[in-house]
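One-letter residues, chain by chain:
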Amino acid sequence: MRVALFCHDKPGALQVRKDNRTAHLDYIEATGVVEMAGPLLSPEGEMNGSLVVLVVETLAQAQEWAAADPYARAGLFASVTITEWKKVIG
C-alpha cells in the first residue's frame, strides 16, 4: 500500500530542518520504503514541511517510519497527517 505523509514544520524551525537534513536523507535511503519525497515550500520559497510517499504493508508501519524519522525525533513538525494514498497518474 502507498501512504502519504503531510508534515508541516513548526513556525521558525527552518534551522532545525537544515541541521537534521542529512540524517533525514540517510534515513530515507536506509529504510528503502520511500517512493518519492520532497519539501513543502512557503510563498517565499523556503522549506516548511515535507510530503513523503511510502510503500509499506500496513498503516502501522508508516506510523512507525514517521515516528523514527530524524526530523520528527528533532521536534521539527507542528503536525503530521498520515493517510493511505492511491496512485492513479504518473
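Right above here is the structure, for reference.
Criteria and thresholds
- Residues numbered from 1 in each chain as written.
- Predicted model: local features only at pLDDT ≥ 70, side-chain atom pairs only at ≥ 80, totals over all residues.
- Heavy atoms only, no water.
- Phe/Tyr/Trp six-rings, centres within 6.5 Å; stacked < 30°, edge-to-face > 60°.
- Helix = DSSP H or I, 4+ residues; strand = E, 2+ residues; numbered from the N terminus.
- Buried < 20%, exposed > 50% of the residue type's maximum accessible area, 1.4 Å probe, protein only.
- Polar contact = N/O pair within 3.5 Å; in protein donor to acceptor, adjacent residues only side chain to side chain.
- Pairing = 2+ DSSP bridges.
- Contact = heavy atoms within 4.5 Å.
- Salt bridge = Lys/Arg side-chain N within 4 Å of Asp/Glu carboxyl O.
- Core = buried A, V, L, I, M, F, W, Y, C linked by side-chain atoms within 4.5 Å.

This part takes up the packing of aromatic side chains. Overall, the coordinates contain two aromatic pairs when judged by the stated rule. Taking the centre distance of 4.9 Å and the plane angle of 35° together, the rings of Y27 and W65 count as tilted. With a gap of 38 residues between them, Y27 in helix α1 (residues 14–31) and W65 in helix α2 (residues 59–68) connect regions that are remote in the sequence. On the basis of relative accessibility, which here comes to 16%, the residue Y27 falls in the buried class.

Another aspect to go through is the environment of Y27. Between the C-alpha atom of Y27 and that of A68, which follows or precedes it by 41 residues, the distance is 8.8 Å. Within the structure, Y27 has its side chain in polar contact with the backbone oxygen of W65 (distance 2.8 Å).

Looking now at the pairing of strand β2 (residues 34–41). Sheet topology note: the β2/strand β3 (residues 47–55) ladder contains seven bridges and is antiparallel. Directly across from V34, in β3, lies its bridge partner L54. Connecting β2 to the next strand, β3, in antiparallel fashion are five residues, including G45 with a positive phi near 90°.

Inspection of the secondary structure assignment puts N20 in helix α1. A distance of 2.8 Å separates the side chain of N20 from the backbone oxygen of V16, its partner in a polar contact. With near-sequence residues (within four places) excluded, N20 lies in contact with P70, Y71 and A74.

Glancing now at the pattern of salt bridges. When charged atoms on two side chains of opposite charge get close, those side chains can pair. Applying the stated criterion across every chain yields a total of two salt bridges. Note that E35 is salt-bridged to R2, the shortest N-O span being 2.5 Å. With E35 in strand β2 and R2 in strand β1 (residues 2–9), this pair connects stretches of sequence that are 33 residues apart. Given the relative accessible area of 32%, E35 is considered partly exposed. Owing to a relative accessible area of 27%, R2 belongs among the partly exposed residues under this scheme. A salt bridge links R17 to D9, with the shortest nitrogen-to-oxygen separation between them at 2.8 Å. Across the pair, exposure class does not vary: R17 and D9 are buried alike.

Turning our attention to the nonpolar core. Core analysis: the biggest nonpolar cluster contains 15 residues, and L5, L54 and W65 have the highest contact counts within it. Sorting the residues of this core by element identifies β1, α1, β3 and α2 as the ones contributing at least two each. Setting aside residues up to four positions removed in sequence, W65 forms contacts with L5, Y27, I28, T31, V33, V34, V52 and L54.

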